[in-house]
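Secondary and tertiary structure notes
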Amino acid sequence: MADPGTDPAAGPVLEIRNLVKRFGALAATDDVSLTLLPGEIHALIGPNGAGKSTLIRQITGEVRPDSGAVFFAGTGITGLGPAARSRLGLARSFQVSQLLPDYTVLQNVLLAVAGASGGAFHFLRNPLKDPRLLPQTLTHIEHSGLSGREAIQVAFLSHGERRRLEIAMALALRPRAFLLDEPMAGMGAEGAKDLTRLLSDLRHQAPVLLVEHDMDAVFALADRISVLVYGRIIATGTVAEIRANPEVRHSYLGGDA
Amino acid sequence: MSREMLINLSMLAVLILTGVIAHLAGQGFVVTLATKAAIFALAGMGLNLCLGYGGLISFGHAAFFGIGGYVCGILALHAANAMPLVAGWSGSNQMLLIWPLAMLGAGLIAVPIGALSLRTSGVYFIMVTLAFAQMVYYFAISWPQYGGDDGMSFYTRNQFPGINTLKPFGFFLICAGVLVVVTAVIALITRSRFGLVLGAARQNRIRVEAAGIRPFPVLLTAFVLSAMITGLAGALYADLNRFVSPTMLSWHMSGEIMVFVILGGVGRLCGPVAGAGLYVLMEHLLGGITDYWQILLGLVLLTVVMLAPGGLIGILSGRARHG
């Protein structure tokens, strides 16, 4: 699959310009600018309460910024809602997995494929037998390592399998960028290692903006890191630059990292 | 065919056979009871589409039931008295024209009610739908032209080509036929892509948005379709009694329709058939013994909710709810 998200000459896939969001006196997002370049994994780190969630929610469209703009794949998306942004190919995974617990693995991925191909308003054909949906759905399930689990209801999946399912659903959007909100949360060491490998492969499909607490994973995966503290980005750079940055060491890494 | 589908079809079959056997045995009254059960089942099927499949707990479906009834009653009244209604047209006594107009009326009212209610969720959704239904109820009470508080009678049943609707069995066949057709339509819709997304919106709207689909138009469509089906049931109910009154619009009615759905099994295709059947049966059998039969209904409802949340269909099919 030829992907616009892997050509470095094309300029940033996702660009945030001077985003500001205040809640009363608190500036949760304080003049934040950020780019996500083709082919990279860009990690966003920061202590609790730094405003990572608020920033993410402005990128997904759940929260409107007070000022500033978000550009995606060359167009301004500041005024679009979450569904429209997803349709443009901004795929996301959630901090707490957001799946459809009553549905099977197959039905979950079918929903994502349906969203990417024509939406909800088809009243006649059974999607489980729809040749426009089914082959792609099975491909995504296979790529995320869930083959053989198609008929299992989500409520009975393990934590790691749910993470994989979220990624399968993100892939179904034919994404141009991934927005992954703490994908390592709650994973055991072994599961985290598997998932690190899966995430590393994702960048070949589209660039990844990764919000993550697991520093081992961040340092292993990221091409660039941005550090958010009190709503401001205090540093952006490569892994080595961030490790060496005195301000970051002081305010976040605690000096011993 | 799954066991649950078999149970669903059996529910329809039991209802139809009850009517047929009662007719053959000359029990016109039982035929009328079966007709009432079929109409209530239809009203419940409408509610089940939004409550069961879409997770929208509407406590205002009496509004749509009553609007369907009033559309039927008003058209019949004008036709009987050759009274002009709009643009020199004086109503109709043809069911095949009354039904689509009843559905249209209920659907048109459901668009603003749904659009506003869907801005809320949970208990607020319940209260907002209730509030709208109460507005319609008080409007009907204060509208003297069509009976106001007392309601209005029309003296002959509306007509259907080739069937004598005044014979209990003829009217039963019509109602049972409508129920079967609507069941088939709902089975089709809920298994379609629309149904997949509707069920997904019930479980997690955030996920639906992340999949690139706005839940709002899907939920609103389900709400309006649901109102139209319940409105159609209202038109049939008006014809059954040859009488409409604000009672059809009251919040008790909304509660009863909800009881049909919960007794039979929320989100089960023929749950409302089982629920309405049981309700009419209890009303008839226990209502003959005591005026306080609804205490027993309450106990049955409590038992179902506590012990068998899948309702009658859930008990019979022995299967937890699926998507």
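In this report, we go over the structure that sits alongside the text. Every value quoted in this text rests on a predicted model; they were computed, and no experiment measured them.

Here is what the cut-offs are and how they apply
- Residues numbered from 1 in each chain as written.
- Chains lettered and ligands numbered in written order.
- Predicted model: local features only at pLDDT ≥ 70, side-chain atom pairs only at ≥ 80, totals over all residues.
- Heavy atoms only, no water.
- Axes fitted to C-alpha atoms, helices over the stretch in contact; angles between N-to-C directions.
- Helix = DSSP H or I, 4+ residues; strand = E, 2+ residues; numbered from the N terminus.
- Parallel < 35°, antiparallel > 145°, perpendicular 65-115°, else oblique.
- Left-handed = near helix turned anticlockwise from the far one by under 90°.
- Contact = heavy atoms within 4.5 Å.
- Nonpolar A, V, L, I, M, F, W, Y, C, P; charged D, E, K, R; others polar.
- Buried < 20%, exposed > 50% of the residue type's maximum accessible area, 1.4 Å probe, protein only.
- Pairing = 2+ DSSP bridges.
- Salt bridge = Lys/Arg side-chain N within 4 Å of Asp/Glu carboxyl O.
- Polar contact = N/O pair within 3.5 Å; in protein donor to acceptor, adjacent residues only side chain to side chain.
- Expected span 1.5 Å × (residues − 1).
- Bend = angle between axes of the 7 residues up to and from the residue.
- Buried area = accessible area lost by both parts, 1.4 Å probe.

Time to look at the packing of helix H2 (residues 28–53) of chain B against helix H9 (residues 215–241) of chain B. All names here are of chain B. Contact geometry of H2 with H9 gives a least axis separation of 6 Å together with a crossing angle of 165 degrees. Here H9 runs roughly antiparallel to H2, going by the angle between their axes. When the axes of H2 and H9 are compared, the crossing they make is left-handed. Along its contact with H2, which presents Thr32, Thr35, Lys36, Ile39, Phe40, Leu42, Ala43, Met45, Gly46, Leu47, Leu49 and Cys50, the element H9 presents Ala222, Phe223, Leu225, Ser226, Ile229, Thr230, Leu232, Ala233, Leu236, Tyr237 and Leu240. The class makeup of the residues in the contact of H2 with H9 is 17 nonpolar, five polar and one charged.

Time to look at the pairing of strand E8 (residues 208–211) of chain A. All names here are of chain A. Both faces of E8 are covered, namely the face carrying Val208 and Leu210 and the face carrying Leu209 and Val211. Judged from the four bridges that link them, strand E3 (residues 41–45) and E8 form a sheet pairing that is parallel. In the sheet register, Leu44 faces E8, and the bridge partner there is Val211. Bridge analysis of strand E7 (residues 177–181) against E8 gives four bridges, and the strand direction is parallel. Across the sheet, Leu179 pairs through a bridge with Leu209, a residue of E8.

Scanning the model with the defined rule gives 16 salt bridges over all chains in all. Salt bridges sharing common partners tie together Arg125, Asp130 and Arg132 of chain A together with Arg193 of chain B.

This part is about the side chain of Thr60 of chain A. All names here are of chain A. Counting through the fold element by element, Thr60 comes out in helix H1 (residues 52–60). The buried category is assigned to Thr60, whose relative accessible area is 3%. Of the polar contacts made by the side chain of Thr60, one reaches the side chain of Glu62; its length is 2.7 Å. With residues up to four places along the chain from it excluded, the contact list for Thr60 reads Gly81, Pro82, Arg85, Arg92 and Leu179.

Okay, the sheet that holds strand E9 (residues 224–229) of chain A next. Residues and elements named next belong to chain A. Reading across the sheet, the six strands line up as E6-E7-E8-E3-E9-E10 and stay open at both edges, with mixed pairing between neighbours. A strand with exactly one partner marks an edge of an open sheet, and here the two such strands are strand E6 (90–93) and strand E10 (232–237). In this sheet, neighbouring strand axes are inclined to one another by 20 degrees on average, regardless of whether the strands run parallel or antiparallel. Taken together, the five bridges between E9 and E10 define a ladder with antiparallel strand orientation. Looking across to E10, one finds that Ile225 is bridged to Gly237. Where helix H6 (residues 189–202) meets the sheet, it contacts E3, E7 and E8, and its direction lies at approximately 155 degrees from that of E7.

This part is about H2 of chain B. Residues and elements named next belong to chain B. For H2, which comprises 26 residues, the first-to-last C-alpha distance of 36 Å matches the rise-based estimate of 38 Å (1.5 Å per residue) to within 8%. The largest bend in H2 amounts to roughly 40 degrees and is located at Leu47. Of all 26 residues in H2, 22 are buried, a share of seventy percent or more. Positive backbone phi, approximately 70 degrees, marks Gly55, located one or two places after H2.

Turning to the interface of chain A and chain B, a few remarks are in order. Contact with chain A, which involves 36 residues of that partner, is made by 29 residues of chain B. At the boundary of chain A with chain B, total buried surface from both sides reaches about 2,800 Å², with 63% on carbon and sulfur atoms. Its largest share of buried area at the contact with chain B, chain A owes to Tyr103, Leu111 and Phe123 of chain A, together 22% of the area lost on that side. Here chain A and chain B share three salt bridges between them. Between Asp102 of chain A and Arg202 of chain B there is a salt bridge, and its shortest N-O distance comes to 3.1 Å. Between chain A and chain B we count 18 residue pairs in polar contact (both at pLDDT 80 or more) in total.

A word on helix H10 (residues 251–264) of chain B. Since there are 3.6 residues in each turn of an α-helix, residues three or four apart along the chain are aligned in direction. Residues and elements named next belong to chain B. In a regular helix each residue adds 1.5 Å, so 14 residues correspond to 20 Å; H10 covers 20 Å between its end C-alpha atoms and thus fits that length. Among the 14 residues in H10, 10 count as buried, and that is most of the element. All of the buried residues in H10 are Met253, Ser254, Gly255, Ile257, Met258, Val259, Phe260, Val261, Leu263 and Gly264. Tucked into the core, H10 has its buried residues touching H2, helix H3 (61–81), H9, helix H11 (271–287), helix H12 (293–307) and helix H13 (311–317). With its phi angle positive at about 130 degrees, Gly265 sits one or two positions after the end of H10.

Our focus in this paragraph is the environment of Gly81 of chain A. All names here are of chain A. Assignment of secondary structure puts Gly81 in the loop between strand E5 (75–76) and helix H2 (82–87). Considering only alpha carbons, one finds Gly81 and Gln153, 72 residues apart in sequence, at a separation of 29 Å. Leave out the neighbours within four places in its chain, and Gly81 touches Thr60, Gly61 and Arg64.

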